[in-house]
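So the chains spell out like this:
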Amino acid sequence: MSMARTLRKLVLGVILDLDGTLLNTDGIVNDILKVHLVKYGKQWDAGNAHRIVGKTPLEAAAAVVEDYELPMSPDVFLAEINPIFSEQWCNIKAQPGANRLINHLRGHGVPMALASNSPLENVETKIFYHQGWKESFSAIIGGDEVTNGKPSPDIFLEAARRLNIDPSSCLVIEDSLPGITAGKAAGMNVVAVPSIPKQSHLYTSADEVINSLLDLQLEKWSLPAFQDWVEGTLPINPWHIGGPVIKGFGRGSKVLGIPTANISTERYLDLLSEHPSGVYLGWAGLPTRGVFKMVMSIGWNPYFNNAEKTIEPWLLHDFTEDFYGEELHLVIVGYIRPEANFPSLESLVAKIYEDREIAERALDLPQYSKYKDDPYLTSLSPSNN
């Protein structure tokens, strides 16, 4: 869509969805259903998650009961798993970029509402564990406070009413199809941050589709822009990952002539599921060889039906030999860009070299270079944190 059409819309308030948008609820849902369905001799298929994303709890329960032919009514199933979910709410992590977004909007005095299909009590319990969230919202609306949940527009219209802002001046940020449908039905501007990989073609009714909250450009909606990008990179809370270097799908080396390393990610599937696909920068340690600058991609592995993520780090150093089998430890300190589709191999390679230049330059900045001394990089133990 054209930039002009977007810029004409003056946004005065932001309405946020909770589960999947601000909170990584899907991880907890997957974990619980995986364990729970075993009781009925069924195996949870994470590829089926799209059947429950964005629905009210009862609708989600009905979908699971139907898909797995469980011997009970949706009400009974919901009553059975609700206590298990309640115990886990304290463990749900914020999505990358969620705290940054809430703090930024609050700091600029932009009115915010939280609008969820979950019952109000559940919403309040979930956000209780995230400091500063409750105070940041001028209105918090649960699905039990309106006649119909999303995809009906009721929740969003109620949010606009409580914010005292015209619906056409509201920006909705949503991860699910029911939420996007509801936002558009309410006559609002909608940015989609799809929680299900490789499904963005389904989100065409949204005004904009982005890969993660890290990619949100608020100035497109006439809201105050983020000021935290540094030389083409966005500093993030550092995280660690590591493992033995394996021969694998190393697309980088074979197809592109770029010597990327492949790490076995088996131990880290949960950790990787918390981080958006895209290109990152950081430091790489090979305990026997030293510490090197690196740029890396996190992507969905097409070999596993996009249900698993892979990482391909590119160590920015000319090695004379392979280091298969050695432990490679990474500390990821910044974000560069989302995954993108390129019209040609040449344009992809050119972009990767541009990513390399950005990383090379930025890693010399004090805020990134200090992590070169992270003890994890040179430790011999294969554990991560």
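Residues numbered from 1 in each chain as written. Predicted model: local features only at pLDDT ≥ 70, side-chain atom pairs only at ≥ 80, totals over all residues. Heavy atoms only, no water.

Undergrad: How do you make sense of the overall build of the protein chain when you look at a structure like this?
TA: What the protein chain contains, in helices and strands, is 13 helices and 12 strands. Its C-alpha radius of gyration of 22 Å places the protein chain within 12% of the 21 Å reference for a compact globule of 385 residues. Taken over the C-alpha atoms alone, the protein chain extends approximately 65 × 55 × 40 Å along its principal axes. Going through the 385 residues of the protein chain one by one, you find that 50% of them count as buried. For the protein chain, the computed accessible surface area is about 17,800 Å², with 53% contributed by carbon and sulfur atoms. (Helix = DSSP H or I, 4+ residues; strand = E, 2+ residues; numbered from the N terminus. Rg over C-alpha atoms; globule rule 2.2 N^0.38 Å. Buried < 20%, exposed > 50% of the residue type's maximum accessible area, 1.4 Å probe, protein only. Areas by Shrake-Rupley, 256 points an atom, 1.4 Å probe, with all protein chains shown as cover.)

Undergrad: Please clarify how the nonpolar core should be interpreted in this entry.
TA: Across soluble globular proteins, nonpolar side chains have a tendency to be buried as a group. Membership of the largest hydrophobic core comes to 51 residues, with the highest contact counts inside it found for L16 and L22. Elements with a contribution of two residues or more to this core: β1 (13–16), α2 (25–38), α3 (57–67), α4 (74–88), α5 (98–107), β2 (112–115), α6 (120–128) and β4 (170–174). Counting only domains with at least three residues in this core, you end up with domain 1 (13–21 + 92–221) and domain 2 (25–91). In contact with L22, other than residues within four places in its own chain, are L16, D17, K93, A94, Q95, A98, I102, L114, W133, F137 and L213. Membership of the second largest hydrophobic core comes to 26 residues, among which are L214, M296, F323 and L328. (Core = buried A, V, L, I, M, F, W, Y, C linked by side-chain atoms within 4.5 Å. Domains from an automatic or database assignment. Contact = heavy atoms within 4.5 Å.)

Undergrad: How do you make sense of the packing of aromatic side chains when you look at a structure like this?
TA: How two aromatic rings sit relative to each other is set out by the distance from centre to centre and by the angle between their planes. Counted by the stated rule, this structure contains 8 aromatic pairs. Centre to centre, the rings of F292 and F319 are 5.0 Å apart; their planes meet at 70°, and the pair counts as edge-to-face. With F292 in strand β10 (residues 290–300) and F319 in the loop between β11 (309–315) and β12 (327–337), the pair connects residues that are 27 residues apart, well separated along the chain. Judged by relative accessible area, F292 falls into the buried class, the value being 10%. We classify F319 as partly exposed; its relative accessible area is 25%. By way of ring pairs, the aromatic residues W229, W239, Y280 and Y335 are connected into one cluster. When the ring centre of F226 is taken as reference, the NZ or CZ atom of R100 above it lies at 3.6 Å. (Phe/Tyr/Trp six-rings, centres within 6.5 Å; stacked < 30°, edge-to-face > 60°. Lys NZ or Arg CZ within 6 Å of the ring centre and 35° of its normal.)

Undergrad: Would you take a moment to explain the packing of α2 against α4 for this structure?
TA: Describing two packed helices takes the angle between their axes plus the distance from one axis to the other. Where α2 meets α4, the axes come as close as 11 Å, and the angle between the chain directions of the two elements is 130°. In this view, α2 runs oblique relative to α4, as classed from their interaxial angle. Where α2 crosses over α4, the handedness of that crossing is right-handed. Facing α2, whose interface residues are I28, V29, I32, L33 and H36, α4 presents F77, E80, I81, I84, F85 and Q88. A per-class count over the contact of α2 with α4 returns 8 nonpolar, 2 polar and 1 charged. (Axes fitted to C-alpha atoms, helices over the stretch in contact; angles between N-to-C directions. Parallel < 35°, antiparallel > 145°, perpendicular 65-115°, else oblique. Left-handed = near helix turned anticlockwise from the far one by under 90°. Nonpolar A, V, L, I, M, F, W, Y, C, P; charged D, E, K, R; others polar.)

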